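Listed below, chain by chain, are the residues.
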Amino acid sequence: MWWDERVSARFRRNLQPTLTYWSVFFSFGLCIAFLGPTLLDLRCQTQSSLSQITWVFFSQQFCLLLGSCLGGVFKRTLSQSLFALFASSLAISLVFAIIPLCHNVVVLAVVMAVAGLAMGCIDTISNMQLVKIYQKDSAIFLQALHFFVGFGALLSPLIADPFLSDTNCILSNSTANASSNLPHIRKSLVPHHPGNLSHYDLPMKGMVVTRVSYAFWIMALINLPVPIAVFFLLYKERMVPCFSSSSHPLLSADELAMETRPAEKEDLSTTVQRPRTAGGHDDLFSCCQSKNFRGASYTYFAVHITGALVLFMTDGIVGEYSGFVYSYAVEEPLSVVHKVAGYLPSLFWGFITLGRLISIPVSYRMKPATMVFINVVGVLITFLLLLIFSSSVVFLFVGTASLGLFLSSTFPSMLAYTEDILQYRGCATTVLVTGAGIGEMVLQLLVGSIIHDQGSYSFLVCGMIFGGLAFTFYALLVFFHRMYPKPSSDLDDASPDKPAVMDDTGQYQR
């Protein structure tokens, strides 16, 4: 097997919680990518203008960011984390079921805000729990976790596609004129961004004839097993109120002997089981409390900030590239036909999913720092080649696939690397998730305004600049890593620089 027996034994013992966290991240992916292709039908359903429906995107992204910040509140005990995941995954199924009933854009925006909060909680809690279970072995499991995001994001547009309107979905006197523009409008709607459709006038009054409701109900049913899986995990851990009177043994004697056996090149002290406190992995507001900063060196803050800035850039690139690559392709000098250009966002997300799948075995053999280096250098080189061959349609497709591969494993690798530097005692997970969410929201708005003012070629220039900044921040992170204090028994136990004694059993702390 491509991983050792120690990791395999830990995975087998934590099989149900690990699979549950992976499935919850599938819900996250399912919910993040459906708005783009269904936007026109949702406009018809709510009889709203483009500027009005854009607030639906904003409400989801803003509340996703807010949910990521607040998600750490529910990590203090395992029961709080699991109940939050149960409520969040169930909320996503309810959101899918309710969307067809939203005939007002304000109501739709509120419903998507609820979905954003649920997605943010899922994002933070699932990452935190996997890091707590596997710690130094978490990289491979984080890669698998983020594969399920890509899988869900790839699946939801495929589910929606058969139910999207091929003709204008609002019948009125101007239907005949508007319907001729619809195929182009449809292909312009890609995940994460509505596109620049202000010059297309769709009728605002008339009878709505859309079948997109079936797509949302199918997604609600597909997602329903996820909260059920979380409930079964709650039941197994005896956290359902009526079954919480007793608890089962954490480990058998043989398992304990296996898990406490010192790994090669690993200090014996890392095998001592010790209850984890709330000193690390707090919510963003708890992380900012002054008591967490006492005795911290400047490198402690620098590692958090530079790690968040790397993901600010790379996750921002994911959002802006998937949102604007279509608009870039159909403009001069490429002038790709609309139907062909419509495959670019799908190609991008497909290779992100493929890259995350490939990264699962690779991450076991390769250090997270090395993987992040390959990712940021690959992104920078890809954008450089896209600029050099900016008139080649073939290379645009090749570059899109390459960019998806290099960006695919950046987040889980950076999370594993930063947590390892901080010895699982900082607020890296919360800070990195927040930084990535802000980057995806801010860079989309920034690139959209720049393209509007400077033309489509600035799309690649912005990507090159963001890639260069990501590499620069990564270099700074490596520099601060070398300066970060090494683990020492002399450090004060309350200090953020004090490394946590590893709970090598990987068991939950209640």
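Shown above is the structure to which this text applies.
Attention in this report is confined to the structure presented alongside it. As the structure is a prediction and not an experimental result, all values here were calculated from the model.

Glancing now at the overall build of the chain. Counting its secondary structure elements, the chain contains 21 helices and two strands. Sorting the 510 residues of the chain into buried and exposed places 58% on the buried side. A separation of at least 24 residues holds for 83% of the contacts in the chain among residues at least 6 apart in sequence. As presented, the chain carries roughly 20,700 Å² of accessible surface, and 67% of it is formed by carbon and sulfur atoms.

Moving on, we come to the environment of Phe141. Here Phe141 is to be found in helix H7 (residues 138-160). Its relative accessible area of 1% is what places Phe141 among the buried residues. Between the alpha carbons of Phe141 and Pro361 there is a distance of 9.8 Å; along the sequence they are 220 residues apart.

Phi at Ser335 is positive, roughly 50°, even though this residue is not glycine. Note on placement: Ser335 falls in the loop between helix H14 (298-330) and helix H15 (338-341). Judged by its relative accessible area of 35%, Ser335 falls in the partly exposed class.

Turning our attention to the packing of helix H5 (residues 78-98) against helix H6 (residues 105-134). Orientation of H5 relative to H6, taken along the N-to-C sense of each, is 145°, at an axis distance of 9 Å. Handedness of the H5/H6 crossing: left-handed. Between H5 and H6, the residues in contact are Leu78, Ser81, Ala84, Leu85, Ser88, Ser89, Ala91, Ile92, Val95 and Ile98 and Val111, Met112, Val114, Ala115, Ala118, Met119, Cys121, Ile122, Ile125, Ser126 and Gln129, respectively. Grouping the amino acids of the contact of H5 with H6 by side-chain chemistry returns 16 nonpolar, five polar and no charged.

Let us look at the packing of aromatic side chains. In total, this model carries 23 aromatic pairs according to the counting rule given. Geometrically, the ring pair formed by Phe231 and Phe232 is edge-to-face, given 6.5 Å between the ring centres and 65° between the ring planes. By relative accessible area, which is 37% here, Phe231 ends up partly exposed. On the numbers, 5.2 Å between centres and 35° between planes, the contact of Tyr321 with Phe459 is tilted. Taken as a pair, Tyr321 in helix H14 and Phe459 in helix H21 (residues 458-483) lie far apart in primary sequence, 138 residues in all. Each of the two residues, Tyr321 as well as Phe459, counts as buried.

Conventions we followed
- Residues numbered from 1 in each chain as written.
- Predicted model: local features only at pLDDT ≥ 70, side-chain atom pairs only at ≥ 80, totals over all residues.
- Heavy atoms only, no water.
- Helix = DSSP H or I, 4+ residues; strand = E, 2+ residues; numbered from the N terminus.
- Buried < 20%, exposed > 50% of the residue type's maximum accessible area, 1.4 Å probe, protein only.
- Contact = heavy atoms within 4.5 Å.
- Areas by Shrake-Rupley, 256 points an atom, 1.4 Å probe, with all protein chains shown as cover.
- Axes fitted to C-alpha atoms, helices over the stretch in contact; angles between N-to-C directions.
- Left-handed = near helix turned anticlockwise from the far one by under 90°.
- Nonpolar A, V, L, I, M, F, W, Y, C, P; charged D, E, K, R; others polar.
- Phe/Tyr/Trp six-rings, centres within 6.5 Å; stacked < 30°, edge-to-face > 60°.

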